[in-house]
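# Descriptive structure summary
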Amino acid sequence: MTRRGFIKGLLAVTLAGLFAAVYGFFIEPALRLRVRRWRLRRADWTAAPLRIAVLADLHVGEPHVGLDRIQQVVRRTNALAPDLVLLLGDLAAGHRFVTRPVEIAELAPVLGGLQAKHGVFAVLGNHDWWDDLAAQRRGGGPNLYADALQRNGIPVLSNEAVKLEGPGIWLAGLEDQLAIVRGGGRFRGLDDLPGTLAQITDDAPVVMMAHEPDIFPQIPDRVALTLSGHTHGGQVRLFGWSPMVPSRFGNRYAYGHVREGGCDLVVSGGIGCSILPVRFGVTPEITVIELSA
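Let me sum up the structure you'll find in this document.

Packing of helix α2 (residues 67–79) against helix α3 (residues 104–111) brings their axes to within 10 Å, and their N-to-C directions diverge by 20°. By the angle between their directions, the pair α2 and α3 is classed as roughly parallel. At the point where α2 passes α3, the crossing takes the right-handed sense. On α3, the residues that touch Leu 67, Ile 70, Gln 71 and Val 74 of α2 are Glu 106, Leu 107, Val 110 and Leu 111. A class-by-class count of the residues in the contact of α2 with α3 yields six nonpolar, one polar and one charged.

On to the sheet that holds strand β14 (residues 256–260). Across a sheet, strands are paired by hydrogen bonds formed along the backbone, either parallel or antiparallel in direction. Within the open sheet, the six strands sit side by side as β8-β9-β12-β13-β15-β14. Their pairing is mixed. Across the chains shown, the open sheet's two edge strands, defined by having one partner strand only, are β8 (160–164) and β14. The mean inter-strand angle of the sheet, taken between neighbouring strand axes irrespective of direction, is 20°. Looking at chain direction, strand β9 (residues 169–173) and strand β12 (residues 206–209) are connected through four bridges and run parallel. Looking at β12, one finds that Leu 171 is bridged to Val 207.

Rules and cut-offs
- Residues numbered from 1 in each chain as written.
- Predicted model: local features only at pLDDT ≥ 70, side-chain atom pairs only at ≥ 80, totals over all residues.
- Heavy atoms only, no water.
- Axes fitted to C-alpha atoms, helices over the stretch in contact; angles between N-to-C directions.
- Helix = DSSP H or I, 4+ residues; strand = E, 2+ residues; numbered from the N terminus.
- Parallel < 35°, antiparallel > 145°, perpendicular 65-115°, else oblique.
- Left-handed = near helix turned anticlockwise from the far one by under 90°.
- Contact = heavy atoms within 4.5 Å.
- Nonpolar A, V, L, I, M, F, W, Y, C, P; charged D, E, K, R; others polar.
- Pairing = 2+ DSSP bridges.

Shape descriptors only; they carry no functional weight alone.
Structural data, given as structure tokens:
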């Protein structure tokens, strides 16, 4: 290789690295937003066709996810005319590089503008519990994020199952599996899967909201669809593989549609960031599931 060729190659590598950094730390997490659609058919689906819009892991805070960004997400979600809108938790900021925090008192009224034919519902994520220091001291609720959402017309399901007569389904919401920090990298979940399922009293289809997908191997075939977030698709994803996934199952439940046995799981890539404000190959998304027989 000539000296000129070496310099050109070094320059190309430097420019490529600079572009990747700008894209991953600014363009993808701050400017891009897509609608990711999954069409699922189940032989045991006895309800009418259902369009569910999922918003996961907003991690609200400037510079990338301010209130203007959330208002854009709300407008685009409403424009999809969903039957249900489901918030899968982690509204709280998830990294230390926030330039301006957005309090839940500011955020909840904006989310209160979400509209769906059969309602808007939520579950909490681990960051929503970790950010509530009073709840941490108590070792449980009430939770300030849940209270704010409910004051703005969004029911928060905590180990609850409710029958939605309009679509003819059960909607279940599992409490967070990492809610209480115990120290030393250990956590205590507040989830109660048996207690939640025990509230289902007929054979109508069941949709389960669970912030972390790690519960999925315990979900019975009785549940038609489980919806999760938490992983952000690994936040950096190349050729369908993520080098780091916050799940004990690694890439098994990192992103997208998974079918195991008779159960379906969809893991949303979410909106915001955790640990570092970077996304590469996991565009912030509104996840839409169209479910039918």
